[in-house]
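Below, each chain spelled out in residue letters.
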Amino acid sequence: MLRQSALVVLSGGQDSTTCLFWAKRHFKYVSALSFRYGQLHENEVEIAREICNEHHIPFSVIDIPFISGLASNSLTDSSVAMDSTKPADGLPNTFVPGRNLFFLSIAAVFAREHGIFDLVTGVGQTDFSGYPDCRDSFIRSLNVSLNLAMDEQFQIHTPLMWLTKAEVWELADELGVFDLVRERTLTCYRGIVGDGCGDCPACKLRREGLEQYLQKRNSKQRDEQF
Ligand code: ZN
């Protein structure tokens, strides 16, 4: 059976937006799903919607506000001061416990209802921020659980799993969406689109990757000139 449809879990950030265009290259029909889960920067959902509308990609949003009430973290609670580094004794408070577990489980039920069994997510563990639900072992385990839960053959695709942030930029460039990803997506924990605040952990990771990739691209262009 040739499977032609994929559902992308889209947050409007660099990684999932790159995955959206990866999916467009690999699947005939692509749709996207975002979640409003009580995140402080809900404008990311509107960013995701705009990008999808411009590229004629069917887009849906599901509200799961209970996520923010389950556990305290700095992405959903403005009274929690954001950890700027990973504490020695555990996860930074930018970790939203269960987020990818809920997102992918809900996405699978939603996809099944639309006859879609290929799910795409932008998680990756190379630039591992310490989030356990971004690890390959978790995704594989969840994939098995989803299949058992619904007696289906889902496949969760993680095109960024083993890429560094620099390689994610390179992939966006190969897919022809480097400028779109750079200027339009929202990765910043402070909710600033594009290059962001430059200072939060997400911005730092994104910027360092970008600088590495631009260096590589510039030296390649120089080599080609000679
Ligand atoms: Zn930032």
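It should be noted that the structure appears before, not after, this text.
Bear in mind that the values here come from a model prediction, so they are computed numbers and not experimental data.

A. Examining the packing of aromatic side chains more closely. Tallied over the entire structure, the rule returns 7 aromatic pairs. Feature note: the residues Phe35, Tyr37 and Phe103 constitute an aromatic cluster, connected by ring pairs. Taking NZ or CZ as reference, Arg217 lies 4.7 Å from the ring centre of Phe178, over its face.

B. Here's a closer look at the packing of helix H4 (residues 99-113) against helix H5 (residues 136-150). For the pair H4 and H5, interaxial distance at closest approach is 11 Å and the crossing angle is 40°. Classified by the interaxial angle, the pair formed by H4 and H5 is oblique. In this structure, H4 meets H5 at a crossing whose hand is right-handed. Taken together, the residues of H5 that come into contact with H4 (itself represented by Asn100, Leu101, Leu104, Ser105, Ala108, Val109 and Arg112) are Phe138, Ile139, Leu142, Leu146 and Met150. Of the residues assigned to the contact of H4 with H5, the class counts are 9 nonpolar, 2 polar and 1 charged.

C. Region of interest: H4. Here H4 contains 15 residues, and its C-alpha end-to-end distance of 21 Å stays within 8% of the 21 Å for a straight helix at 1.5 Å per residue. In this structure, the buried residues of H4 make contact with strand E1 (5-9), strand E2 (29-36), strand E3 (59-63), strand E4 (118-120), H5 and strand E5 (155-157). Count one or two residues on from H4 and you reach Gly115, which has phi positive near 70°.

D. Expanded view of the side chain of Thr187. Positionally, Thr187 belongs in the loop between helix H7 (178-184) and helix H8 (201-225). A distance of 3.2 Å separates the side chain of Thr187 from the backbone nitrogen of Gln14, its partner in a polar contact. Discounting chain neighbours no more than four positions away, the residues touching Thr187 are Gly13, Gln14, Ala202 and Arg206.

E. The arrangement of the sheet that holds E2 in detail. Across the sheet, which stays open at both edges, the 5 strands sit in the order E3-E2-E1-E4-E5 with parallel pairing between neighbours. The two strands at the open ends of the sheet, each matched to only one other strand, are E3 and E5. Direction aside, neighbouring strands of the sheet carry axes that sit 25° apart on average. Strand direction decides the pairing type here: E2 and E3, joined by 5 bridges, are parallel. Bridging across to E3, Arg36 finds its partner in Asp63. On the sheet, H5 packs against E4 and E5 and is oriented at approximately 155° with respect to E5.

F. Spatial organisation of helix H2 (residues 43-54). Across its 12 residues, H2 extends 17 Å between first and last C-alpha, which sits within 8% of the 16 Å expected from 1.5 Å per residue. Tucked inside the fold, the buried residues of H2 contact helix H1 (14-26), E2, E3 and H7. Positive backbone phi, approximately 55°, marks His56, located one or two places after H2.

G. Quick peek at unusual backbone geometry. Even without a glycine there, the phi angle at His56 is positive, about 55°. Tracing the sequence through the fold places His56 in the loop between H2 and E3.

Thresholds applied
- Residues numbered from 1 in each chain as written.
- Predicted model: local features only at pLDDT ≥ 70, side-chain atom pairs only at ≥ 80, totals over all residues.
- Heavy atoms only, no water.
- Phe/Tyr/Trp six-rings, centres within 6.5 Å; stacked < 30°, edge-to-face > 60°.
- Lys NZ or Arg CZ within 6 Å of the ring centre and 35° of its normal.
- Axes fitted to C-alpha atoms, helices over the stretch in contact; angles between N-to-C directions.
- Helix = DSSP H or I, 4+ residues; strand = E, 2+ residues; numbered from the N terminus.
- Parallel < 35°, antiparallel > 145°, perpendicular 65-115°, else oblique.
- Left-handed = near helix turned anticlockwise from the far one by under 90°.
- Contact = heavy atoms within 4.5 Å.
- Nonpolar A, V, L, I, M, F, W, Y, C, P; charged D, E, K, R; others polar.
- Expected span 1.5 Å × (residues − 1).
- Polar contact = N/O pair within 3.5 Å; in protein donor to acceptor, adjacent residues only side chain to side chain.
- Pairing = 2+ DSSP bridges.

Geometric descriptors of this kind do not, in isolation, establish any biological role.
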